[in-house]
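Descriptive structure summary
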Amino acid sequence: MTEDLKGLALDAIATSAAADDPDYPRFHVVPPVGRLNDPNGLLVDGATYHAFYQFSPFHPRRKLVYWGHSSSTDLLHWNHHGPTIVPDSSYDLSGAYSGNAIVLESRELEGAPVQAPYQLFYTGNLKDPVTDERTASQCLVTSSDLRDFTKWPGNPLIPANAEGYTAHYRDPQVFRDPDRPGEYRMLIGVQRVNETGAAALYRSRDLVSWEFEGELTFPGAGGAFSSFGYMWECPGLVRVTDEDTGEEWDVLIWCPQGITPQREGFENIFPCVYTVGHLKGTELRDTDGTFHEVDRGFEFYAPQVFARRPSEPGPVLLTAWAGNASEDDQPSIQSGQWVHALSLPRALSLKNGQLIQRPAADLPHDAGQPALVGTPLDSGQYEPAELHGHRSWQLRLEAEPDRTSGAWGVRIGTDRSHVDIILDGGALRVDRSTSRYTQHGAVRTVTLPEGCASVLEIVHDRSLTEVFVGDGALAFTMRSFVDPDSSGARLLAGGVLTLKSGRVRTFTPVPEAL
């Protein structure tokens, strides 16, 4: 008898006690049960944000990947919905893997083969149970209302990898071609037969019939990306405006597996990087091969931007998996049978070719300005009373450089179990060695971009912490499993600290309707 995979997932969700776990974040996207990883199909529909994601409801006893679904009207209060894509078709029996979404205008639907404004693209994964041989295909799911979802009867759209590439061929990103109205592009992360990573491009007029264009190339990069890791996962191109010049750039964000640059950073199992240029055909021009990590934290991977209708423009918003490969051994598996979360959506811009990332939403309750602002603090620890009793909060501090000496920062947790976030001259130092999760990094020091060491913003949500330094010039995401009975935070001053300004916000959930 064929399993009712959707029914089994709904049963697992209905009986879950994950939300009762004191480590369960309150204003981030988290799975209702089991495991979450890559964000998928992010989109904005009017005033509502939809986040789909890789979802394994039976983790860890059974690895079977669905697409989960949550929605929000403020990027803070997220509602769970039933699974969107169920791996129950001949082409995705081993999992409905990552992809993205496109939201169509009514004019784009005229004469289109699929009369549905919401189109979700994903990789169908199929493994032979005897040989373990993989088949990866690119598939389509559509919806008219974001409540009911239908697999395209003509799936798969792209049944196999192109010649010259292996079956590691996944994570489609579909977007409109800004240079050829009425046409669409698809970017796919691939592996060449010589086991090096790349990205392939396809083109379509109707989102159903796709023609292979070729590999994405970098004519000005001097070969920097010709043999750059053994597989490129989750590639995405997004157009971002430079804040200073107003010039538009195409930012390629991707996860090259197996790179080991001989410079600071890249400590995670797999990194996530970006480079900036201008897309012309299959060439990303005006990039000289320079690349940077998107986020310097312990847990950050597979970021994706929210899709919008052209008639509903808005900021470029990015969300990522606050995790990485081989990091499922977290305390929440034992305490609540769930693991992982998505980062808080952040707004993207550029300055001088560098990504700027800022939290896209402020927490709802403004607790005011810390009473410590304007008062010189000598070496020691100081507790902002505004945070007392809170385990989900947002804190932004700006020091007066001329009246501050020595290292300073914030301690989350107790002296026995804590995470320290310290600005020390031109470096950010993060130490979670006394927390309950250190297996994939306990202490990390990051050199800061020049001129940004006086502004520190921290978004903390029970067991997930995101740090932004210098008004978004550097981002650092991590899991922060301090003792669940601790709350608030303390300022740490290694010398004299004088705060020029400060702001505290705390999270108050919306009461559920009776």
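The shown structure was predicted, so the numbers you read here are calculated from the model rather than taken from an experiment. (Residues numbered from 1 in each chain as written. Predicted model: local features only at pLDDT ≥ 70, side-chain atom pairs only at ≥ 80, totals over all residues. Heavy atoms only, no water.)

Focus: the overall build of the chain
Of the regular secondary structure elements, the chain holds three helices and 34 strands. Over its C-alpha atoms the chain spans a radius of gyration of 23 Å, differing by no more than 12% from the 24 Å that the globule rule assigns to 514 residues. Viewed in the frame of its principal axes, the chain has a C-alpha envelope of about 70 × 55 × 45 Å. Taking all 514 residues of the chain together, the buried fraction comes to 60%. Within the chain, residue pairs in contact and separated by at least 24 positions form 62% of the contacts whose partners lie at least 6 positions apart. Accessible area for the chain stands at about 20,100 Å²; split by element, carbon and sulfur atoms hold 48% of it. For the chain, the distance from the average position of its 43 positive side-chain charges to the average position of its 68 negative side-chain charges is 1 Å. (Helix = DSSP H or I, 4+ residues; strand = E, 2+ residues; numbered from the N terminus. Rg over C-alpha atoms; globule rule 2.2 N^0.38 Å. Buried < 20%, exposed > 50% of the residue type's maximum accessible area, 1.4 Å probe, protein only. Contact = heavy atoms within 4.5 Å. Areas by Shrake-Rupley, 256 points an atom, 1.4 Å probe, with all protein chains shown as cover. Lys, Arg positive; Asp, Glu negative; His and termini not counted. Charge placed at Lys NZ, Arg CZ, Asp CG, Glu CD.)

Notes on the UniProt feature "domain: Glycosyl hydrolase family 32 C-terminal" (unreviewed entry) in the chain
UniProt annotation of "domain: Glycosyl hydrolase family 32 C-terminal" (unreviewed entry) refers to residues 390–500 when read in the numbering used here. What you have in residues 390–500 is 0% helix and 51% strand, and the ends, taken at the C-alpha atoms, are 24 Å apart. (UniProt positions renumbered as here; feature names shortened; annotations may be inferred.)

Side note on empty space enclosed by the protein
Taken as a whole and assessed by the stated rule, the structure comprises one cavity of 30 Å³ or more. By volume, the largest cavity is sized at about 50 Å³. Lining the largest cavity are H390, R391, W393, I412, G413, H460, R462, V482, S486, S487 and G488. A breakdown of the residues in the lining of the largest cavity according to their chemical character gives three nonpolar, six polar and two charged. (1 Å grid on protein atoms, 1.4 Å probe; cavity = no way out; pocket = protein on both sides within 12 Å on 5 of 7 lines; lining within 4 Å. Points joined across faces, edges and corners; volume = space filled by probe spheres on them. Nonpolar A, V, L, I, M, F, W, Y, C, P; charged D, E, K, R; others polar.)

Focus on the packing of aromatic side chains
Counted under the stated rule, the structure contains 27 aromatic pairs. Their ring planes at 90 degrees and their centres at 6.1 Å tell us that Y49 and F306 sit as a pair that is edge-to-face. With Y49 in strand β2 (residues 48–56) and F306 in the loop between β18 (301–305) and β19 (317–321), this residue pair connects regions lying 257 residues apart in the sequence. Considered together, Y49 and F306 belong to a single accessibility category, that of buried residues. Relative to F291, the ring of F266 has its centre 5.9 Å away and its plane inclined at 65 degrees; by these criteria the two rings are edge-to-face. Remark: F291 occurs in the loop between β16 (283–285) and β17 (292–293) and F266 occurs in the loop between β14 (248–257) and β15 (273–280); sequence separation between them is 25 residues. The two residues F266 and F291 agree in class, both being buried. Each residue in the set F218, F225, F228, W232, W254, F266 and F291 is aromatic and connected to the rest through ring pairs, giving one cluster. For R263, the ring lying beneath its charged end belongs to F291, and the centroid distance is 4.4 Å. Above the face of the F298 ring, R432 is positioned so that its terminal group lies 4.0 Å from the ring centre. (Phe/Tyr/Trp six-rings, centres within 6.5 Å; stacked < 30°, edge-to-face > 60°. Lys NZ or Arg CZ within 6 Å of the ring centre and 35° of its normal.)

Focus: the nonpolar core
Most often, soluble globular proteins have nonpolar side chains that are buried together. In terms of nonpolar packing, the biggest core is built from 51 residues, with Y66, V251 and I253 touching the most fellow members. Looking at which domains feed residues into this core, each of domain 1 (5–359) and domain 2 (365–506) supplies at least three. Aside from chain neighbours lying at most four places away, what touches V251 is G236, L237, V238, V240, Y274, T275, V276 and L350. In terms of nonpolar packing, the next biggest core, distinct from the first, is built from 34 residues, L377, L448, C452 and A493 among them. (Core = buried A, V, L, I, M, F, W, Y, C linked by side-chain atoms within 4.5 Å. Domains from an automatic or database assignment.)

Some words on the domain arrangement of the chain
When the domains of the chain are assigned, the result is domain 1 (5–359) and domain 2 (365–506). One C-alpha centre belongs to domain 1, the other to domain 2; they are set 31 Å apart. In this complex, domain 1 contributes 37 residues to the contact, which on the side of domain 2 involves 38 residues. Of the roughly 3,100 Å² buried between domain 1 and domain 2 on both sides combined, carbon and sulfur atoms contribute 51%. Together, D23, R296 and F298 form the three largest contributors to the area buried by domain 1 at its contact with domain 2, with a combined 23%. E466 is paired through a salt bridge with R346; the nearest N and O atoms lie 2.9 Å apart. Between domain 1 and domain 2 we count 25 residue pairs in polar contact (both at pLDDT 80 or more) in total. Elements with a contribution of two residues or more to the side of domain 1 that touches domain 2: α3 (331–336) and β22 (354–359). In terms of residue count, the dominant contributor to the side of domain 1 that touches domain 2 is β22 (five residues). Taken together, the residues that form the side of domain 1 that touches domain 2 break down as 16 nonpolar, nine polar and 12 charged. (Buried area = accessible area lost by both parts, 1.4 Å probe. Salt bridge = Lys/Arg side-chain N within 4 Å of Asp/Glu carboxyl O. Polar contact = N/O pair within 3.5 Å; in protein donor to acceptor, adjacent residues only side chain to side chain.)

Thoughts on the sheet that holds strand β3 (residues 66–72)
The pairing of strands in a sheet comes from backbone hydrogen bonds and takes either a parallel or an antiparallel form. In space, the five strands of this open sheet follow the order β4-β3-β2-β1-β20, with mixed pairing throughout. Across the chains shown, the open sheet's two edge strands, defined by having one partner strand only, are β4 (79–85) and β20 (338–339). Sheet topology places strand β1 (residues 34–45) next to β20; two bridges connect them, and they run parallel. In the sheet register, R35 faces β20, and the bridge partner there is V339. Set on the sheet, helix α1 (residues 5–14) makes contact with β2, β3 and β4; between it and β4 the angle comes to about 160 degrees. (Pairing = 2+ DSSP bridges. Axes fitted to C-alpha atoms, helices over the stretch in contact; angles between N-to-C directions.)

With respect to the side chain of D38
Relative to the helices and strands, D38 resides in strand β1. Separated by 2.9 Å, the side chains of D38 and S98 make a polar contact.

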